Amino acid sequence: MRKPYMRIPYTDVLAAPTIIPKSAKALSGAVAALQEFLVAPSSLSPSSSGTRPYTAVLTGAGISVASGLADYRGTKGTYRVNKTFRPIYYHEFLNNHEARKRYWARSFIGWSTLHKAKPNASHFAIKHLNDLGLVRGVITQNVDSFHSHAHPALQTIELHGYLRSCVCISCHEELPRDGFQNELARLNPAWDVFLQEILASGALDTENPDERRARGMKTNPDGDVDLPGAPYTTFRYPACPRCLTNPPLTANGTRATVEVDSDGAWAPTSSAGILKPAVVMFGESIQHSVKAAAEEMINDADRLLIVGTSLATYSAWRLAKLAKDQKKPIAIVNIGGVRGEDVLFVDLDPNQQGNQGIRVEISTDELLPTLVEQFRSSNVQTTREAPNYVVKTQGASVFKDMLS
Ligand SMILES: [Zn+2]
């Protein structure tokens, strides 16, 4: 069986969608179709009799654009404005001290942008759809933690992990990314000064390398910053504190070596104690427990609402395909084309008004809050208990290079 490695998604622009139903081209038509989609009786699940059908939501980078984060393929997406974008692969991170310095230098600069960003109207609309009993679970490809901030009571499966933590490759201890940022600042004082300067300049408010350069942030052709007197090859990062205190056993039963320099930075003489972001990097497998919980959520759902993703990553596409194979209605709200979407809508009755499937191309932060308003004004209520999909998270976990 093929292992579910994260692979580099398509980077080309996908074909424009066919809107379904045709009335969903306008906002009012799209809202009406989504209302039909969310409340239509399920033809599949006996559990939905007498209660609202259970809708699972699958989200991607598009839902976070209104929070100021770049998506991949939108008009200001990473792949369009930053041609030098090159994410790190897991094997590079694991095996190469130089690659880790580069990663953490870029991450150090990018963290403040992510850290000050907040969930937007779309995330809160999903919370309200849950309050109305219409949405019972979220699977997200995003690593920004916006879903869990906006709706902590609604189960969110973070398919590709989360940037809010670092995790030790050796002992799987998790540490908050905030504290790690402070350590990076302490170990790299010249970079800390630089970060404060470019934050003040506004250069980090854009992902466009030309605009950044115009605001004084010079990058080399690979998109890296090299400071005069402090190139990223000198960047330092801390060791796992737990492994430093108690070096782990290696596979052959010997004690690993974990060493640091006089300031506490991980030393290349070490054989363990490397911290990585708690995200699934390209080339890394998604944890089995996370994958299984996401599949279970799809299995239990009556229908799937897909928001702000082109399904370019295989892990997301296969969940949509799973729902399709189970003959569940699918709605897609995304600006721009979606991978394989013709397959997802191939057998719809041309006269259906949303109960069988929907394809809408309207921004989510406009559409979803309007949808919630419509439901509220029509007094939709329900009382169904939400199931709990347990994700036993330990260790590995995604990746959008927030720092490109
Ligand atoms: Zn450790």
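Nothing here was measured: the structure is a model prediction, and the numbers come from that model.

**Brief notes about the environment of Tyr237**
- By the secondary structure assignment, Tyr237 is in the loop between α9 (209-214) and α10 (241-245).
- Separated by 132 residues in the primary sequence, Tyr237 and Ala105 have C-alpha atoms spaced 8.9 Å apart.
- Once residues within four sequence positions are removed from consideration, Tyr237 is found in contact with Arg100, Trp104, Leu184, Leu187, Ala265 and Trp266.

**A closer look at the packing of helix α5 (residues 121-131) against helix α14 (residues 364-377)**
- Taken N-terminus to C-terminus, the directions of α5 and α14 make an angle of 25°; their axes are 8 Å apart at the nearest point. Between α5 and α14, the angle falls in the class roughly parallel. Note that α5 runs across α14; the crossing there is left-handed. Touching Ala121, Ser122, Ala125, Ile126, His128 and Leu129 of α5 are Thr364, Asp365, Leu368, Pro369, Leu371 and Val372, all from α14.
- Of the residues assigned to the contact of α5 with α14, the class counts are 8 nonpolar, 3 polar and 1 charged.

**Side note on the UniProt feature "active site" (unreviewed entry) in the protein chain**
- Residues annotated in UniProt with the feature "active site" (unreviewed entry) correspond here to His160.
- With respect to the secondary-structure elements, His160 resides in the loop between β3 (156-158) and β4 (161-168).

**Let's talk about the sheet that holds β4**
- One open sheet accounts for 3 strands, arranged β5-β4-β6; its pairing is antiparallel. The open sheet has two edge strands, β5 (174-176) and β6 (275-279), and neither has a second partner. Here the strands of the sheet are splayed against their neighbours by 45° on average, with no regard to which way each runs.
- Both β4 and β6 contribute to a ladder of 4 bridges, which runs antiparallel. Across the sheet, Val167 pairs through a bridge with Lys276, a residue of β6.
- Sitting on the sheet, helix α7 (residues 177-187) touches β4, β5 and β6, and the angle it makes with β5 is about 75°.

**Some words on the nonpolar core**
- Ranked by internal contacts, the top residues of the largest apolar core, which has 91 residues, are Leu304 and Ala320.
- If you tally residues by element for this core, the top one is helix α4 (residues 97-116), at 7 residues.
- When residues are assigned to domains, this core turns out to be shared by domain 1 (22-67 + 119-160 + 286-377) and domain 2 (78-116 + 163-279), each giving three or more.
- Filtering out sequence-adjacent residues up to four positions away, Leu304 remains in contact with Ala56, Leu58, Ile298, Ala320, Ala323, Lys328 and Ile330.

**Comments concerning the sheet that holds strand β8 (residues 330-333)**
- Ordered in space as β3-β2-β1-β7-β8-β9, the 6 strands form an open sheet in which the pairing is parallel. Each edge of the sheet is formed by a strand with only one pairing partner; in this case those strands are β3 and β9 (357-360). Adjacent strand axes in the sheet meet at a mean angle of 15° when their direction is disregarded.
- For strand β7 (residues 303-307) and β8, the ladder comprises 4 bridges, and the chain directions are parallel.

So, how was this worked out
Residues numbered from 1 in each chain as written. Predicted model: local features only at pLDDT ≥ 70, side-chain atom pairs only at ≥ 80, totals over all residues. Helix = DSSP H or I, 4+ residues; strand = E, 2+ residues; numbered from the N terminus. Contact = placed C-beta atoms within 7 Å. Axes fitted to C-alpha atoms, helices over the stretch in contact; angles between N-to-C directions. Parallel < 35°, antiparallel > 145°, perpendicular 65-115°, else oblique. Left-handed = near helix turned anticlockwise from the far one by under 90°. Nonpolar A, V, L, I, M, F, W, Y, C, P; charged D, E, K, R; others polar. UniProt positions renumbered as here; feature names shortened; annotations may be inferred. Pairing = 2+ DSSP bridges. Core = buried A, V, L, I, M, F, W, Y, C linked by C-beta atoms within 7 Å. Buried ≥ 20, exposed ≤ 12 C-beta atoms within 10 Å, placed from the backbone. Domains from an automatic or database assignment.

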